[in-house]
Amino acid sequence: MTGGSWLCLLAPLGGTILITLLGTRIPRVAAGWIATTSVFVAFGGAIWACLGVHSRPSPPPPGFEPFGFHPMPRGEITTAWTWLQSGNFHAGLQLLVDPLSTVMMLIVSGVGGLIVLYSIGYMDGDDEERRYFAYISFFVFSMLLLVEGGNLLLLLVGWGLVGLSSYLLIGFWHERPSAVQAAKKAFVMNAVGDATMALAFFILIAHTHSLSFGSAFSVHLSSTAVNLVALGLLGGAVAKSAQIPLQTWLPDAMEGPTPVSALIHAATMVTAGVYLIARTHPIFEQARTIELIAAGTGALTLLVAGLIALVQVDIKRVIAYSTMSQIGYMFLGAGVGAYANGMFHLLTHAFFKALLFMAAGLAIHALAGEQDIRNMRGLGRLMPFTKWCFLAGALALVGIPPFSGFFSKDSIVASTINIGWYGWIFWACGIAGAFLTGLYTFRLWFLVFPGEPSPFVREHHHRHGRLEGSLTMLVPVGILAVLTTIGGWLQWSPRWHPFTDWLEPAARTLPAAVPTNTQEYYTSAATVLAGLAGIAIAWAIYSERTIKIPAAPFWRRTLECKFYVDELYDAVFYRPGAAIANGLRREFEEPVVLQAGPDLGETTLEAGGFVRRIQTGLLRTYVLFLAAGAAGVVLAFLIAK
Amino acid sequence: MNALVVASAGNALVWVVWVVAAFSCLGSAVAVISFSNPFYSALALIGNLASLAVMYLLLSAEFVAAAQVLVYAGAVVVMFLFVIAYVGPRRETPWSGGPSWQTIGAAGAAGALLVEIVVAIGMQASGSLSHDGKVGATFGTPAWVGRVFLVDHLLAFEITSVVLLIAAVGGVILGAHTRREVAG
Amino acid sequence: MSGPDVAWYVAVAAVLFGIGALGVLIRRNTLVVLLSLELMLNAGNLALIALARHWHNGAGQIFALAVMAVAASEVCVGLGLVVALNRRNLSLDVDSLSELKG
């Protein structure tokens, strides 16, 4: 079991190092295969670890829990060596293998492996392919470190490395200024989250002298301390998962290559926030208010993102906002205490979102880089495989049975009912979100795929032999389409729930977040109806053109400017910061600091010039100094007397 | 009573002589450094040396007084006068030339030295510099000086003579004409 | 016979020394500088003689004679230099030796 976890963690790292060391000695495509192999080896290690966890004896019955939860049920910590030691505080290079971490390991390495395989075809021909594959293997390693870390310190290391990989990959095409700026923006906003998390860790260390998952949560903290810690962790989660208020980096991150968007900004990195909340749920449960704030943030984000997605014209941006919205659902689930539901939606979301991105990537690749959906009408006639896969992903996204999204999204919305009066507000948000999801997703599908191909499409579309794309691109898309369709059947909450049971030892659902079966059925019906209503209206507007969109220029402009959040941040944070920096440069750095050198030189020269006047060259002067010296010596003798 | 009157008259005489000698010494010294014509300065030096000789006599140093007049006033000053006449007229005013702080510094340094010496004497004055009348009758006579020179301080005597020899040789070399190369 | 204390003589010597030092420091003519040097030497002699008389020690007078001899030799050499300078038509102004001026 632990061998599996080490293998899973280190294989992608080995891939990165191998690609880096071999450099230009290997052909570009070989780098791609090295990366793919390393990630699939990691997947094998994840399966091995998972089997190991499965075979461990189940934890003791619930009565025997001194602190309200078992500190380390069904999990094992394996330590390589002590990494950091200061006073009472130890942090080892520890990996944690328990149900929650194995789920994440499987998702990251499995879906990641498929996406890396897809990249071989997508990035074919790029000059810097090797760098790409080195970066992406490094990303997989970092993400695995994040989910496998046995203490919060290693989690933070993985957190930071994931942010770094994201920066490197968003700005992969570094000749484009927009890509570079987007990378910087992502990094800076993530850094805000990192800072709050670090502060939370400081408080934890101060109170518990430990960050290990086994022991850091066993100590009861004071109410202020635990609230601050939870708030800091929430800040980090919000930044990493692009929730309001730190959401503006995610749409811009679409500047990176499409596989990057699929892997990092849909399936894995942005879901790290949800994982964090699930992992540190003992702390959040002690700070219930903060947990509900997390749920509220999720609810708000899912609505706002859905609204903005209605007016986007870039195919990847629509999918990006949809990611933001779906993570809102996950936050909602984790925030009310239904951790397993949130994680299940994370799993299904990884399937269908990666599928959507990769199918969009097939379309973009076939149209030689075009991403504007207004030009793409009728693509389905020329690319049927893409069309059907995209449709599968879209239906899963909206939550129509039997596709996977139905099973996970509905259980989240249902779990909000019993937590209190605000639960109904969350429930309403969830239903409205489902409506919006149907609307924007099928707006996208109806604008791009059905109908007669547009002149643009006819002109620019090119095939890859007889296929729509290379095999390395089509195979992963196909696999994910199958998973999207059948993967949801893993769990249907009222009837069978193996997933929740699997996660029970690590992240038990709060009792308040468990709905009754009746509530579950009603909610499912409501979300499906809302989704179908959205699809119907989209069909009416965009396909049949029977309804015209109302003009409403003010709302349209607001949505197009993403509720002016970017402008707000620019005015509040960037302008004052830049003004202060310029002011300091003008007032302090240039006159004082930079002048110090020349001033020092001039002063020295002046002093020298002043002293030089003593050197008159006259004999009499030197005799004078002799006499003065003699007088001084006599004076000294007199004083000594 | 007679002895006392004679003694007191003699005492007053000594004082008068001393005052005159001292003032003329200092006055001629000021004159030495103040005249712009170096010839007059040398002449003022003669006056200085003569008054010093008088003071030596008051201090029971007869041989030294005689040597002072003979050697200094007789030989050294004459040499000065010769060279000044040879070199020709150079008039130059004191206190001129050089940076301003030079002159102020000079006055300050000289004054400081003066004050310090006076203070040193004053500090020593607690008892040890009081007038003590009696010295032997032979103190300061030539015979006595000669004996002390040749018996107690023979080394100083010999070294002094060597110094004089070297100076004489040096003076001759410095003053000699440069040899001209003879053609052929 | 009694007269002024030794202190008076030494005070005169001190003043004479000061005047001589002043002369060395402010005059530009080499010859006058040498004359002022003589003044300083004589001042030293006077102090020696006076203190010899006070402490009944003959060494003071001997030393004064030696000083006189050395002063004479020094004047001899110095004037030789002056003559040599004059013969080469070089300036006798002390201020002309200013190559060390910075």
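Residues numbered from 1 in each chain as written. Chains lettered and ligands numbered in written order. Predicted model: local features only at pLDDT ≥ 70, side-chain atom pairs only at ≥ 80, totals over all residues.

**Re the overall build of chain C**
Then, in step 1: The helix and strand tally for chain C stands at three helices and zero strands.
Then, in step 2: What you see in chain C, going N to C, is helices and strands ordered as α-α-α.
Then, in step 3: Principal-axis analysis of the C-alpha atoms gives chain C an extent of 55 × 25 × 25 Å.
Then, in step 4: Within chain C, the fraction of its 102 residues that count as buried is 59%.
Then, in step 5: Relative to all contacts within chain C whose residues are 6 or more apart in sequence, the contacts with residues 24 or more apart total 45%. (Helix = DSSP H or I, 4+ residues; strand = E, 2+ residues; numbered from the N terminus. Buried ≥ 20, exposed ≤ 12 C-beta atoms within 10 Å, placed from the backbone. Contact = placed C-beta atoms within 7 Å.)

**Details of the overall build of chain B**
Then, in step 1: The helix and strand inventory of chain B stands at six helices and zero strands.
Then, in step 2: The linear arrangement of helices and strands in chain B, starting from the amino end, is α-α-α-α-α-α.
Then, in step 3: When contacts within chain B are restricted to residue pairs at least 6 apart in sequence, those whose partners lie at least 24 apart make up 57%.

**Notes on the interface of chain B and chain C**
Then, in step 1: Taken together, the 77 residues of chain B in the interface contact 63 residues of chain C.
Then, in step 2: Where the side of chain B that touches chain C is concerned, the elements lending two or more residues are α1 (2-34), α2 (38-58), α3 (62-87), α4 (100-124), α5 (142-151) and α6 (154-175) of chain B.
Then, in step 3: Per-element accounting of the side of chain B that touches chain C gives the leading share, 13 residues, to α3(B).

**Topic: the nonpolar core**
Then, in step 1: By size, the foremost hydrophobic cluster in this structure holds 201 residues, and its most contacted members are L144(A), A354(A), L355(A), M358(A), A359(A), V477(A) and L503(A).
Then, in step 2: Element by element, the count of residues in this core is highest for helix α14 (residues 339-366) of chain A, at 19 residues.
Then, in step 3: Beyond its immediate sequence surroundings of up to four residues, L355(A) is in contact with C389(A), G393(A), V477(A), L480(A), A481(A) and T484(A).
Then, in step 4: The next biggest cluster of nonpolar side chains, apart from the first, holds 78 residues, and it includes A627(A), V76(B), A14(C) and V75(C). (Core = buried A, V, L, I, M, F, W, Y, C linked by C-beta atoms within 7 Å.)

**A look at the interface of chain C and chain A**
Then, in step 1: Counting from both sides, the interface comprises eleven residues of chain C and, opposite them, ten residues of chain A.
Then, in step 2: When grouped by side-chain class, the residues that make up the side of chain C that touches chain A number six nonpolar, two polar and three charged. (Nonpolar A, V, L, I, M, F, W, Y, C, P; charged D, E, K, R; others polar.)

**Considerations on helix α3 (residues 99-122) of chain A**
Then, in step 1: With 24 residues, α3(A) extends 34 Å between its outermost C-alpha atoms, agreeing within 8% with the 34 Å of an ideal straight helix rising 1.5 Å per residue.
Then, in step 2: With respect to burial, α3(A) is a largely interior element, 24 of its 24 residues being buried. (Expected span 1.5 Å × (residues − 1).)

**Quick look at the packing of α3(B) against helix α2 (residues 30-55) of chain C**
Then, in step 1: Between α3(B) and α2(C), the least distance of the axes is 12 Å, while the angle of their chain directions is 175°. Looking at the two axes, α3(B) sits roughly antiparallel to α2(C). Touching V64(B), F80(B), V83(B) and I84(B) of α3(B) are L31(C), L35(C) and I49(C), all from α2(C).
Then, in step 2: Broken down by class, the residue content of the contact of α3(B) with α2(C) amounts to seven nonpolar, no polar and no charged. (Axes fitted to C-alpha atoms, helices over the stretch in contact; angles between N-to-C directions. Parallel < 35°, antiparallel > 145°, perpendicular 65-115°, else oblique.)

**Focus on the environment of I170(A)**
Residue and element names in this part refer to chain A.
Then, in step 1: Residue placement: I170 occurs in helix α5 (residues 152-170).
Then, in step 2: As a C-alpha pair, I170 and M254 span 84 residues in sequence and 7.4 Å in three-dimensional space.
Then, in step 3: Apart from residues no more than four positions distant in its own chain, I170 is found in contact with A179, A182, A183, A186, A253, E255, G256 and V260.

**A word on the confidence of the model for chain B**
Then, in step 1: Here chain B shows a mean pLDDT of 82. Residues at 70 or above account for 79%.
Then, in step 2: The secondary structure element of chain B with the lowest average pLDDT is α4(B), at 77, and the one with the highest is α2(B), at 94. (pLDDT = per-residue confidence, 0-100.)

**Some points on the environment of V6(C)**
All names here are of chain C.
Then, in step 1: Looking at where V6 falls in the secondary structure, it is placed in helix α1 (residues 6-26).
Then, in step 2: By C-beta crowding, V6 is classed as buried, having 24 other C-beta atoms within 10 Å.
Then, in step 3: Residues V6 and A50, spaced 44 residues apart in sequence, show a C-alpha to C-alpha distance of 6.1 Å.

**Considerations on the packing of helix α9 (residues 258-267) of chain A against helix α13 (residues 315-336) of chain A**
Residue and element names in this part refer to chain A.
Then, in step 1: In the contact formed by α9 and α13, the axes pass within 11 Å of each other and the chain directions differ by 10°. Accordingly, the angle class assigned to the pair α9 and α13 is roughly parallel. For the pair α9 and α13, contact is made by T258, S261, H265 and A266 and by K316, A320 and T323, respectively.
Then, in step 2: Of the residues belonging to the contact of α9 with α13, the class tally is two nonpolar, four polar and one charged.

**Some thoughts on the confidence of the model for chain C**
Residue and element names in this part refer to chain C.
Then, in step 1: On average, residues of chain C carry a pLDDT of 87, and 97% of them reach 70 or more.
Then, in step 2: The spread of mean pLDDT over the elements of chain C runs between α1, the lowest at 89, and α2, the highest at 92.
Then, in step 3: The ipTM, which scores confidence in the relative placement of chains, is 0.89 for this predicted complex, and the corresponding pTM is 0.71.

**Considerations on the environment of T348(A)**
Then, in step 1: Mapped onto the elements of the fold, T348(A) is located in helix α14.
Then, in step 2: For T348(A), the residues in contact, after removing those within four places along its chain, are A396(A), S404(A), G405(A), F407(A), S408(A), G487(A) and G488(A).

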